[in-house]
Amino acid sequence: MKHNFGAGPCILPQEVFQQAAAAVIDFNGLSILEVSHRHKDFVAVMDEAIALVKEALNVPKGYSVAFLQGGASLGFTIVALNLMRDKKKAGYINTGTWASAAIKEAKKVGVDVNVFASSEDKNFTYLPKNYTVPTDVDYIHFTSNNTIFGTQFKEFPKTDLPLCCDMSSDIFSRVINVADFDIIYAGAQKNLGPAGATLYIVKDEILGKSSSPFMPTYLDLKQQIEKESMLNTPPVFSVFVSMLNLRNLIANGGVSEMEKRNSAKAKLLYDEIDSNPSFKGAVEVEDRSNMNITFLLTDESRASEFDQMWKAAGIVGLPGHRSVGGYRASIYNALPIESVQVLVNTMKEFSQK
Ligand SMILES: *Cc1c(COP(=O)(O)O)cnc(C)c1O
């Protein structure tokens, strides 16, 4: 058994893999891979997946949930198209690769982007604070957790304008107040399920008010939600496994329990990074992520030695993103604390050599 610290696609609970595998062979007499998305058995899966998202995150009345395709990357375009109003302006916080990509895509569909806070000056190793949120724009966008650099907002920007968040890599990892947001979106493959589905949680009030001169049907959240994510063939298997994972999450105490476990895992690893002279953290301490933990060797010439050791311990997915280097331990919900302990033990052993 490997310890999977990969940043995505993510580790999921073993029971979920087993249930998913069983349904590939037999889902009410067919394979889940061949069942019609219009069949009542799959419609029930979609309905349950949506209901479980609402239950897990305590989604208030007046919000809808959709499972679409295209990943969070198409989400960058979808949210810009759906939230642009007469000003055709938006305020974005730039805290890393994905936030930068969201800015680029918003500009492509005609949004005049005001980057009112950025940490690009120090290669995204901290989160900007004391910024002023603009008021002369249509909406505000930020990325709650920076998967690549390993920073995570503890407090969210405050605004009366529509607030939109890319939560791809920390949704379901901690308790949030959905009512603070107008759109939350997340690629499933970081903490929810297999690649292929993208989750949208949308305040109904914002639907159908776009000022965009063009709105492809697929990208119109109003039509997607009216058609209950069945405008075209949805990502059937990804939605099915996401549903299994949400059942599992709720049976294990829900998001508040995941938050406790994730904090304990993160503390175990950060304590080792801070106390072990062979390692150092890669970002500002106060901005550290509880999902993607980035760290560096204090003596980089020992990298191949360390790499051999963690590989021998059964660890996979530890190298940092190519734009950052070093190491990144992604400790998504399904990663057990025992796996973090294996990494910590390996770090201790490495240091004693
Ligand atoms: C992985 C990731 C993305 C890109 O997701 P895709 O589904 O591959 O398009 C966007 N934002 C964040 C925060 C991510 O972690």
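Structure: above.
Residues numbered from 1 in each chain as written. Predicted model: local features only at pLDDT ≥ 70, side-chain atom pairs only at ≥ 80, totals over all residues. Heavy atoms only, no water.

Peer 1: I keep staring at empty space enclosed by the protein and nothing clicks. Help me out?
Peer 2: It is a probe the size of a water molecule, rolled over the atoms, that shows where empty space is left. Within this structure, the stated rule accounts for one cavity of 30 Å³ or more. Each pocket or cavity is described by its volume, and for the largest cavity that value is around 30 Å³. Here the residues of the lining of the largest cavity are counted per class, giving five nonpolar, five polar and no charged. (1 Å grid on protein atoms, 1.4 Å probe; cavity = no way out; pocket = protein on both sides within 12 Å on 5 of 7 lines; lining within 4 Å. Points joined across faces, edges and corners; volume = space filled by probe spheres on them. Nonpolar A, V, L, I, M, F, W, Y, C, P; charged D, E, K, R; others polar.)

Peer 1: Please explain the layout of surface pockets as it appears in this structure.
Peer 2: As a volume, the largest pocket reaches approximately 500 Å³. What lines the largest pocket is a set of 27 residues, and nearest its centre among them are Leu12, Pro13, Ala334, Leu335 and Pro336. Of all the elements in the fold, those that place two or more residues in the lining of the largest pocket are β1 (3–4), α1 (14–25), α6 (236–251), α7 (254–275) and α9 (337–352). Here the lining of the largest pocket is built from residues that sort into 14 nonpolar, nine polar and four charged. Here the lining of the largest pocket gathers at least three residues from each of two domains, domain 1 (14–251) and domain 2 (255–352). (Helix = DSSP H or I, 4+ residues; strand = E, 2+ residues; numbered from the N terminus. Domains from an automatic or database assignment.)

Peer 1: Teacher, can you tell me more about the sheet that holds strand β11 (residues 279–281) here?
Peer 2: The strands that make up a sheet pair up through hydrogen bonds in the backbone, lying either parallel or antiparallel. The sheet built from three strands is open, its strands ordered β11-β12-β14 with antiparallel pairing. The open sheet terminates on both sides in strands that have one partner only, identified here as β11 and β14 (327–330). On average, each strand axis in the sheet is inclined to that of its neighbour by 35 degrees, with strand direction left out of account. (Pairing = 2+ DSSP bridges. Axes fitted to C-alpha atoms, helices over the stretch in contact; angles between N-to-C directions.)

Peer 1: Where do I start with the environment of Gly29 in this structure?
Peer 2: Position of Gly29 relative to the elements: it lies in the loop between α1 and α2 (40–57). The class for Gly29 is exposed, based on a relative accessible area of 63%. A C-alpha to C-alpha distance of 17 Å links Gly29 and Gln18, two positions 11 residues apart in sequence. (Buried < 20%, exposed > 50% of the residue type's maximum accessible area, 1.4 Å probe, protein only.)

Peer 1: Help me understand unusual backbone geometry, please; the structure alone is not making it clear to me.
Peer 2: Gly8 connects to Pro9 through a cis peptide bond whose omega is -5 degrees. By the secondary structure assignment, Pro9 is in the loop between β1 and α1. A positive phi angle, near 50 degrees, is found at Lys88, a position not held by glycine. Among the secondary structure elements, Lys88 is positioned in the loop between α3 (71–83) and β3 (89–94). Even without being glycine, Phe172 reaches a positive phi, approximately 70 degrees.

Peer 1: Sorry, what's going on with the sheet that holds strand β2 (residues 63–68) here?
Peer 2: One open sheet accounts for seven strands, arranged β2-β10-β9-β8-β5-β3-β4; its pairing is mixed. Every interior strand has two partners, whereas the edge strands, β2 and β4 (112–118), have only one. Adjacent strand axes in the sheet meet at a mean angle of 20 degrees, parallel and antiparallel pairs treated alike. Pairing analysis gives six bridges linking β2 to strand β10 (residues 198–203), with the strands arranged antiparallel. When the sheet's bridge partners are listed, Phe67 is paired in β10 with Leu199. Where α2 meets the sheet, its contacts fall on β2 and β10, and the angle it forms with β2 comes to roughly 130 degrees. (Contact = heavy atoms within 4.5 Å.)

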